[in-house]
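# Understanding the architecture of this molecule
So the chains spell out like this:
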Amino acid sequence: MTSFLYLTGGMLLAVCGAGAGYGLALTQRRRWQTSRAFGRLLEYIGTAIQYQNMTGAELFARASQYPEFDCLKLGTVLRFGELVPPSVFSDGIRGELAADLCALESASRETACNLLNRMVAICGTQETSLHRTADTALHLYPRLGGCAGMLAAILLL
């Protein structure tokens, strides 16, 4: 009976460890999804600027209706300078994107499209990196968590 309890406890520790690892992997996946949503928003803005004549407030009001942009919290954004790049990007890239977004407010249509294309390229590079990290985390973290749980079970014996 006692060995059954030890075995059950050990299995529970392994499963809890794997679950914790999976939760951490989902955090990495959310980071990737946020970077992807921001890049898609910039593409959306670029298309809207190129083919439609809308103000920033109209553009952000329309963009906030799309569920894929919910993680960016666009509800209160009225101008390009108010759009904050997500914290999933490094500080340097966030600063560069914020400066470019502020420059969009006074840029001509052609300059704005060029700036947006450059920002989309920067976000694409970051998105690719975060996607690789998220995929690796999804494969690795649950296994590491399970191993840590088993190690804890062994150490508790």
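Below is a summary of the structure that appears in this document. Here the structure is a predicted model, which is why all the values come from computation and not from measurement. (Residues numbered from 1 in each chain as written. Predicted model: local features only at pLDDT ≥ 70, side-chain atom pairs only at ≥ 80, totals over all residues. Heavy atoms only, no water.)

### A closer look at helix α2 (residues 56-63)
Along an α-helix, residues three or four apart share an orientation, since each turn contains 3.6 residues. Turning to α2, its buried residues are Gly56, Leu59, Phe60 and Ala63. Seen end-on, α2 carries its buried residues on one side only, within an arc spanning 95°. Buried-residue contacts for α2 involve α1 (2-51). (Buried < 20%, exposed > 50% of the residue type's maximum accessible area, 1.4 Å probe, protein only. Helix = DSSP H or I, 4+ residues; strand = E, 2+ residues; numbered from the N terminus. Arc of directions from axis to C-beta. Contact = heavy atoms within 4.5 Å.)

### Notes on the packing of aromatic side chains
Summed over all chains, the structure comprises five aromatic pairs. Each ring, one from Tyr44 and one from Phe69, has its centre 6.1 Å from the other, and the planes form 55°; the classification is tilted. Within this pair, whereas Tyr44 is found in helix α1, its partner Phe69 is found in the loop between α2 and α3 (91-104), the two being separated by 25 residues in sequence. The class of Phe69 is buried, set by a relative accessible area of 4%. Every member of this aromatic cluster is reached through a ring pair, and the members are Tyr44, Tyr66 and Phe69. (Phe/Tyr/Trp six-rings, centres within 6.5 Å; stacked < 30°, edge-to-face > 60°.)

### So, the packing of α1 against α2
One way to put it is that α1 packs onto α2 with a least axis distance of 11 Å and a crossing angle of 130°. If you check the angle between α1 and α2, you find them oblique. Seen from above, α1 lies across α2 with right-handed handedness. Facing Leu41, Tyr44, Ile45 and Ala48 of α1, the residues of α2 in contact are Leu59, Phe60, Arg62 and Ala63. Class assignment for the residues of the contact of α1 with α2 results in seven nonpolar, no polar and one charged. (Axes fitted to C-alpha atoms, helices over the stretch in contact; angles between N-to-C directions. Parallel < 35°, antiparallel > 145°, perpendicular 65-115°, else oblique. Left-handed = near helix turned anticlockwise from the far one by under 90°. Nonpolar A, V, L, I, M, F, W, Y, C, P; charged D, E, K, R; others polar.)

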